[in-house]
Amino acid sequence: MAKIKKQPRPKAQTPKGFRDYFGAEVSQRTEMLRAIAGVYHHYGFDALESAAVETVEALGKFLPDVDRPNEGVFAWQEFDENDKGDWMALRYDLTAPLARVYAQHRNDLPSPYRRFAMGPVWRNEKPGPGRYRQFYQCDADTVGTASMAADAEICMMLSDTLETVGIPRGDYLVRVNNRKVLNGVLEAMGLADEDPKRDDVLRTIDKFDKVGESGVRELLGKGRLDASGAYIDGVGLTDSQADPVIAFLTSRADDMAGTMANLRAAVGGSKVGADGIAELEQIGELVAAAGYGQDQVLIDPSIVRGLGYYTGPVFEAELTFEILDEKGRKRQFGSVAGGGRYDGLVKRFTGQEVPATGVSIGVDRLLAALREKGRIAVEAKGPVVVTVMDRDRMADYQAIVAELRSAGIRAEVYLGNPKNFGNQLKYADKRNSPIAIIEGGDEKANGIIQIKDLILGAKIAENATLEEWKERPSQFTVPRGDLIAKVREILESQD
């Protein structure tokens, strides 16, 4: 008889580019999503929860017209009885699904349609440090209006959101630019839409935050040596051709009037450039009228990332405080949100241009920023643990925990082997529990209960002398009827 080959055990490991999130991190994210949703709702946006899966055709950016139809997304083909079927994919952002939803339900939706959406998105990209293939986004968009008031409102709401979650004024800036102004600059350079150098110029402009003014000028001209010593070929423009780009990127002045004057000089006689400048002026006037200063929302033409996707204003929320990188060097935390006006996205479905504007917040980066500033505890406080002194009295302990929960206090009964009391306290310590409740037979008979302050007890054990320990007891004996009051008192003292 042939020997049955054993099935190999699967490896217990997280797939590459993904990670697991445990209690404290999940709780922190949930609380942040609740806070952000509160601001979005306060501004009049309604929640939308669309499907996590879309057809690749609907996603648009990754149409199956190459050898790898799932490049950039996680995609698969569904087959019917004729062995043909649609390519499906996990959503890579929350904007493409919105375009499909609006096109599908536009006759039933109010116009403009204001929606917010939160949830995970997936990118089939090479993972790196802090870069995962699944992450959370928080979006808010207004579809169906070309008014710059919608864009100004997004900027103001983004400012309010950052301050609500714990990023104070002075630690962030919402920067605003406009794609139309850049189009005006390209027009002033004599680069038509079909000019092959146009995309090269856009790619070069996108490197401004990394290589600075001199680096951009070199890359627009003959080229430059990068940090590794490799030579990068330039676009081949003359100095006079490159001048409008440099003027555009360095046009920010001390006040909005000065910035607008510099931008007008950069775009020359371009009408589309003038239209973009007028839109920036409207946004600046609207946010100022609502009481937002330039230390909150700032017109800044140096913001160039993502300009290829947007059709008008673009926004970026940057955290301006310094952190230390992995080599101990100081650097700014950087961007945590971005967005802008994208008037052509719904047109793919309807054939008609539908104006739209919105913003997306990277939740994981924002949480990381709050941890860097010490505004989120690394470990969340666990539940109050009711210990079990007598397994035959489980009903008594369930009654205690039910009383705590009815009073709004997070609590649980120890459900392991109660034989070793020390193991129960070790369990409570691993759960980061603030309090342990103890009721043995003697306590029950005498109508009392013991309450152990585990956080204070840990501090005393670390630092205090015997005398100090006696003066600051961490375990209290109280009448059974005072249980809730004493637990609340201890929890408040810990906070």
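The structure reproduced in this document is the subject of the present report.

Reading the values: the criteria
- Residues numbered from 1 in each chain as written.
- Predicted model: local features only at pLDDT ≥ 70, side-chain atom pairs only at ≥ 80, totals over all residues.
- Heavy atoms only, no water.
- Core = buried A, V, L, I, M, F, W, Y, C linked by side-chain atoms within 4.5 Å.
- Buried < 20%, exposed > 50% of the residue type's maximum accessible area, 1.4 Å probe, protein only.
- Contact = heavy atoms within 4.5 Å.
- Pairing = 2+ DSSP bridges.
- Helix = DSSP H or I, 4+ residues; strand = E, 2+ residues; numbered from the N terminus.
- Axes fitted to C-alpha atoms, helices over the stretch in contact; angles between N-to-C directions.
- Left-handed = near helix turned anticlockwise from the far one by under 90°.
- Nonpolar A, V, L, I, M, F, W, Y, C, P; charged D, E, K, R; others polar.
- Polar contact = N/O pair within 3.5 Å; in protein donor to acceptor, adjacent residues only side chain to side chain.
- Salt bridge = Lys/Arg side-chain N within 4 Å of Asp/Glu carboxyl O.
- Phe/Tyr/Trp six-rings, centres within 6.5 Å; stacked < 30°, edge-to-face > 60°.
- Lys NZ or Arg CZ within 6 Å of the ring centre and 35° of its normal.

Right, let's talk about the nonpolar core for a bit. With 73 residues, the main nonpolar core has Tyr40, Val201, Val245 and Phe248 as its most contacted residues. Those residues within four positions of Val245 in sequence are excluded, and the remaining contacts are Val185, Met189, Val201, Ile205, Val216 and Leu220. Core analysis: the second largest hydrophobic core is formed by 25 residues, Ile435, Ile449, Ile484 and Leu491 among them.

Before going further, it helps to spend a moment on the sheet that holds strand 18 (residues 475-479). Reading across the sheet, the 5 strands line up as 15-14-16-17-18 and stay open at both edges, with mixed pairing between neighbours. In the strand order of this sheet, the two ends are held by strand 15 (411-413) and strand 18, each with one partner. On average, each strand axis in the sheet is inclined to that of its neighbour by 25°, with strand direction left out of account. Across the sheet, helix 18 (residues 483-494) touches strand 14 (384-386), strand 16 (435-438), strand 17 (448-453) and strand 18, and the angle it forms with strand 17 is around 10°.

Let us look at the packing of helix 1 (residues 23-42) against helix 4 (residues 148-165). Two numbers describe a pair of packed helices, the interaxial angle and the distance between the axes. Running from amino to carboxyl end, helix 1 crosses helix 4 at an angle of 145°, the nearest separation of the two axes being 9 Å. Handedness of the helix 1/helix 4 crossing: right-handed. Here Met32, Ala35, Ile36, Val39 and Tyr40 of helix 1 come into contact with helix 4, specifically with Met157, Asp160, Thr161, Thr164 and Val165. Grouping the constituent residues of the contact of helix 1 with helix 4 by class yields 7 nonpolar, 2 polar and 1 charged.

Working note: non-glycine residues mostly have negative phi, and peptide bonds are mostly trans. That bond from Ser111 to Pro112 is cis: its omega, 5°, falls within 30 degrees of zero. Of note in this structure, Asn432 is not a glycine but carries a positive phi near 60°. The class of Asn432 is partly exposed, set by a relative accessible area of 25%.

On to the pairing of strand 4 (residues 87-90), then. Summarising the sheet, strand 2 (residues 53-55) and strand 4 pair through 3 bridges and their orientation is antiparallel. Within strand 4, the position partnered with Glu54 by the bridge is Ala89. Looking at chain direction, strand 3 (residues 75-77) and strand 4 are connected through 3 bridges and run antiparallel. What sits directly across from Trp76, in strand 4, is Met88.

The next point concerns helix 5 (residues 179-188). Within helix 5, 7 of the 10 residues are buried, which leaves it mostly tucked inside the rest of the structure. Listed in full, the buried residues belonging to helix 5 are Arg179, Val181, Leu182, Asn183, Gly184, Val185 and Leu186. Looking at the packing, one finds that the buried side of helix 5 touches strand 7 (172-178), helix 6 (197-205), helix 8 (239-249), helix 9 (256-267) and helix 10 (271-289). Its side-chain oxygen 2.8 Å from the backbone nitrogen of Lys180, Asn178 forms the N-cap of helix 5. One or two steps after helix 5, the chain reaches Gly190, where phi turns positive at roughly 85°.

Per the stated rule, a full pass over the model turns up 24 salt bridges. The salt bridge involving Arg175 is made with Asp300; its shortest N-O contact spans 2.6 Å. On the criterion of sequence distance, the pair formed by Arg175 in strand 7 and Asp300 in the loop between strand 10 (297-299) and strand 11 (313-324) is long-range, its members being 125 residues apart. Note on accessibility: Arg175 and Asp300 belong to one class, buried. When salt bridges that share partners are traced, they join Arg175, Arg252, Asp300 and Glu318 into one network.

Looking at the element boundaries, Thr477 is found in strand 18. A sequence separation of 465 residues divides Thr477 from Ala12, and the C-alpha atoms of the two residues are 46 Å apart. Residue contacts for Thr477: discarding those within four places in its chain leaves Ile448, Ile449 and Gln450.

The next point concerns the packing of aromatic side chains. Per the counting criterion, the structure on display carries 4 aromatic pairs. Aromatic pair Phe321 and Phe333: ring centres 6.0 Å apart, planes at 40°, arrangement tilted. Taken together, the positions of Phe321 in strand 11 and Phe333 in strand 12 (residues 330-341) put the pair 12 residues apart, joining distant regions of the chain. Looking at Phe333, the relative accessible area reads 8%, which means it is buried. Seen from the ring of Tyr136, Arg29 lies directly overhead, with NZ or CZ sitting 4.0 Å from the centre. Note that Lys486 overlies the ring of Phe476, its terminal NZ or CZ placed 4.2 Å from the centroid.

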